[in-house]
Amino acid sequence: ISRMTFTRLVYSGGTPAIVDSFNVDNLGDDGVSHIQINIGTDFANAGYAVTVAAYAGTTHTTTASNVGQGSYDIYMWNASSSATDAYGSSLAVGDQ
């Protein structure tokens with residue numbers, strides 16, 4: 001059985017907030033540009049695929065790491081390679 005998560009997030013006063021999501025319980029604010037996505041129904045293992053996108057009117061670099069069965073972290077940097085809080089979205093797909 002396949003499982004997926006989707007999160008669209010925004011920042012309000014430096015704090016990330018979920019705009020829309022599927023199979024995501026909550027977000028962890030782990031510092032500037034570092035967000036933990038906490039999954040509602042865990043994946044079967046940590047071998048699932050994650051993609052991340054950021055948007056805020058400029059070029060951003062994003063990455064996902066610390067992928068575990070019940071959560072993953074996302075990071076965002078601006079065009080100057082500085083950590084930044086940007087609007088973004090993530091999608092994870094894998095086995096349940």
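A quick note: this is a predicted structure, and the numbers were derived from the prediction, not measured. (Residues numbered from 1 in each chain as written. Predicted model: local features only at pLDDT ≥ 70, side-chain atom pairs only at ≥ 80, totals over all residues. Heavy atoms only, no water.)

1. Remarks on the sheet that holds strand β1 (residues 2-12)
Turning to step 1, where the next piece is worked out: Taken in spatial order, the four strands of this open sheet run β2-β1-β8-β5, and their pairing is antiparallel. In this open sheet, the two strands that pair with only one neighbour each are β2 (15-22) and β5 (49-55). Averaged over all neighbouring strand pairs, the angle between strand axes comes to 20 degrees, with direction disregarded.
Turning to step 2, where the next piece is worked out: Across eight bridges, β1 lies against strand β8 (residues 87-95) in antiparallel orientation. What sits directly across from T5, in β8, is A92. (Pairing = 2+ DSSP bridges. Helix = DSSP H or I, 4+ residues; strand = E, 2+ residues; numbered from the N terminus. Axes fitted to C-alpha atoms, helices over the stretch in contact; angles between N-to-C directions.)

2. A closer look at the confidence of the model for the protein
Turning to step 1, where the next piece is worked out: Here the protein averages 88 in pLDDT, while 95% of its residues score no lower than 70.
Turning to step 2, where the next piece is worked out: Ranking the elements of the protein by mean pLDDT puts strand β6 (residues 60-65) last, at 85, and strand β3 (residues 24-29) first, at 94. (pLDDT = per-residue confidence, 0-100.)

3. Description of the nonpolar core
Turning to step 1, where the next piece is worked out: Counting residues in each nonpolar core, the largest one holds 15 residues, and the members touching the most others are L9, I35, I37, Y48, Y72, I74 and M76.
Turning to step 2, where the next piece is worked out: Looking at this core, the elements that each hand over two or more residues are β1, β3, β4 (34-39) and β7 (71-78).
Turning to step 3, where the next piece is worked out: Excluding anything up to four places from it in sequence, Y48 contacts I39, F43, V67, G68, Q69, S71, Y72, A92, V93 and G94. (Core = buried A, V, L, I, M, F, W, Y, C linked by side-chain atoms within 4.5 Å. Buried < 20%, exposed > 50% of the residue type's maximum accessible area, 1.4 Å probe, protein only. Contact = heavy atoms within 4.5 Å.)

4. Details of a nonpolar patch on the surface
Turning to step 1, where the next piece is worked out: A grouping of M4, F22, L91 and V93 is seen on the molecular surface, where their side chains present a nonpolar patch of about 320 Å² in accessible area.
Turning to step 2, where the next piece is worked out: Looking at the element boundaries, L91 is found in strand β8. (Patch = residues over 30% accessible without salt bridge, like charges linked within 9 Å, V, L, I, M, F, W, Y side chains within 5 Å. Areas by Shrake-Rupley, 256 points an atom, 1.4 Å probe, with all protein chains shown as cover. Salt bridge = Lys/Arg side-chain N within 4 Å of Asp/Glu carboxyl O.)

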